[in-house]
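Observations on the model geometry
The chain contents come next:
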Amino acid sequence: MKRQPCNIRHLGLRPYEEVVAAMHAFTAGRSADTVDELWLLQHERVFTQGQAGKPEHLLAPGDIPVVQSDRGGQVTYHGPGQIVAYPLIDIARSGIGVRALVRGIEQVIVDVLKSYGVAAQPMEGAPGVYIEGVKIASLGLRIRRGKSFHGLAFNIDMDLEPFQRINPCGFQGLQVTNLSAFADVSQTAVEDRLIKGLGTLLGYNDRFRMVAGQLPKAADAQMDVSSK
């Protein structure tokens, strides 16, 4: 069986709803041969409510829009200065289980933080990554017909004030932080380390292809691996 590559899309700053619509179209249009993709971007300011989201966790959203999402989890915030990564993976083909995927992504983030001299860990019952109980990365995956979508949000150097307008991830009083509070970093460098870690986790290693920095057309998901 031919070893699958993975397409990388660096999408810049994008509205949440635009990206989610493209992600749904890509996932719905996949065939057995569709190449996996990893989308890296930042979102314009937005609060997103997960499927289990409770309105009482939205305290005072103010001028920031609130969007209902079909990802897992409760309410969170996205904005500039945060890496959002969407691994669009055929997990049935890759052979990785859902629990192993979630734990593996958390460990990749822990390892990236360790590479900057920052000790962090996951927390049982509260998906994501924490530094002494302070959250630095969130995780909210969805699996449909053996395909993953949605993903992770990693705070690099963002305005944290909007998190005070919600109970982040449904936890009252949960504090959040940035990697920039601990190390001198660039978003591009962190993305590179994140890509490398995810490549190892998912078995791509160095089989990455950088594709156009734009959202794919619906037809792209139908393209056979041999034609790409």
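Analysis parameters
- Residues numbered from 1 in each chain as written.
- Predicted model: local features only at pLDDT ≥ 70, side-chain atom pairs only at ≥ 80, totals over all residues.
- Heavy atoms only, no water.
- Helix = DSSP H or I, 4+ residues; strand = E, 2+ residues; numbered from the N terminus.
- Rg over C-alpha atoms; globule rule 2.2 N^0.38 Å.
- Buried < 20%, exposed > 50% of the residue type's maximum accessible area, 1.4 Å probe, protein only.
- Contact = heavy atoms within 4.5 Å.
- Areas by Shrake-Rupley, 256 points an atom, 1.4 Å probe, with all protein chains shown as cover.
- Lys, Arg positive; Asp, Glu negative; His and termini not counted.
- Charge placed at Lys NZ, Arg CZ, Asp CG, Glu CD.
- Core = buried A, V, L, I, M, F, W, Y, C linked by side-chain atoms within 4.5 Å.
- Expected span 1.5 Å × (residues − 1).
- Arc of directions from axis to C-beta.
- 1 Å grid on protein atoms, 1.4 Å probe; cavity = no way out; pocket = protein on both sides within 12 Å on 5 of 7 lines; lining within 4 Å.
- Points joined across faces, edges and corners; volume = space filled by probe spheres on them.
- Nonpolar A, V, L, I, M, F, W, Y, C, P; charged D, E, K, R; others polar.
- Salt bridge = Lys/Arg side-chain N within 4 Å of Asp/Glu carboxyl O.
- Pairing = 2+ DSSP bridges.

With respect to the overall build of the chain
A tally of regular secondary structure across the chain gives four helices and eleven strands. Rg of the C-alpha trace for the chain: 17 Å, near the compact-globule value of 17 Å for 228 residues, within the 12% margin. The dimensions of the chain, computed from C-alpha atoms along their principal axes, are 50 × 35 × 30 Å. Out of the 228 residues in the chain, the part that is buried amounts to 52%. Summarising the internal contacts of the chain: among those between residues at least 6 apart in sequence, 72% fall at separations of at least 24. For the chain, the exposed surface amounts to about 10,200 Å²; the carbon and sulfur share of it is 52%. For the chain, the distance from the average position of its 24 positive side-chain charges to the average position of its 23 negative side-chain charges is 7 Å.

Considerations on the nonpolar core
Counting 36 residues, the largest nonpolar core has Ile-109, Leu-113, Phe-154, Leu-179 and Leu-194 as its most contacted members. Secondary structure elements with two or more residues in this core: β1 (6–14), β2 (36–43), β6 (82–88), α3 (98–115), β8 (129–131), β9 (134–144), β10 (147–155) and α4 (187–202). Here this core gets seven residues from one element, more than from any other, and that element is α3.

Structural notes on helix α1 (residues 16–28)
The first and last C-alpha atoms of α1 sit 18 Å apart over 13 residues, in line with the 18 Å expected at 1.5 Å per residue. What α1 keeps buried is the set Tyr-16, Val-19, Val-20, Ala-22, Met-23, Phe-26 and Thr-27. What you see down the axis of α1 is that its buried residues fit within an arc of 165 degrees, all on one side. Seen from the buried face of α1, the exposed residues on the opposite side, beyond 90 degrees, are Glu-17 and Ala-28.

Focus: empty space enclosed by the protein
This model, assessed by the stated rule, comprises one cavity of 30 Å³ or more. Of the volumes computed, that of the largest cavity is approximately 50 Å³. Contributing to the lining of the largest cavity are Thr-76, Tyr-77, Gln-82, Lys-135, Ser-138, Ala-153, Asn-155, Phe-163, Pro-168, Cys-169 and Val-176. Of all elements in the fold, only β5 (76–78), β9 and β10 reach the threshold of two or more residues within the lining of the largest cavity. When the residues that make up the lining of the largest cavity are grouped by side-chain class, the tally is six nonpolar, four polar and one charged.

Details of the pattern of salt bridges
This structure, assessed with the given rule, holds twelve salt bridges. Among the salt bridges present, the one from Glu-124 reaches Arg-103, with a minimum N-O distance of 3.8 Å. On the criterion of sequence distance, the pair formed by Glu-124 in the loop between β7 (121–122) and β8 and Arg-103 in helix α3 is long-range, its members being 21 residues apart. Judged by its relative accessible area of 71%, Glu-124 falls in the exposed class. Between Arg-165 and Glu-161 there is a salt bridge, with the nearest N and O atoms lying 3.1 Å from each other. Each of the salt bridges in this network shares a partner with another, and the network as a whole consists of Arg-30, Asp-36, Asp-90 and Arg-93.

A short note on α3
The terminal C-alpha atoms of α3, which comprises 18 residues, lie 26 Å apart, in line with the 26 Å expected from a rise of 1.5 Å per residue. Residues of α3 that are buried: Leu-101, Gly-104, Ile-105, Glu-106, Val-108, Ile-109, Val-110, Val-112 and Leu-113. Just beyond α3, the residue with positive phi is Gly-117, at close to 80 degrees.

A few points about the sheet that holds β9
Spatially, β7-β8-β9-β10-β6-β2-β1-β11 is the arrangement adopted by the eight strands of the open sheet, whose pairing is mixed. In this open sheet, the two edge strands, each paired with only one partner strand, are β7 and β11 (208–210). Where β2 lies against β6, five bridges are found, and the strand directions are antiparallel. Bridging across to β6, Leu-40 finds its partner in Ala-85.

Some words on the layout of surface pockets
Each pocket or cavity is described by its volume, and for the largest pocket that value is around 400 Å³. Arg-71, Gly-72, Gly-73, Leu-139 and Gly-140 are, among the 27 residues lining the largest pocket, the residues nearest its centre. Elements that contribute at least two residues to the lining of the largest pocket include exactly β5, β6, α3, β9 and β10. At six residues, β9 tops the list of elements feeding residues into the lining of the largest pocket.

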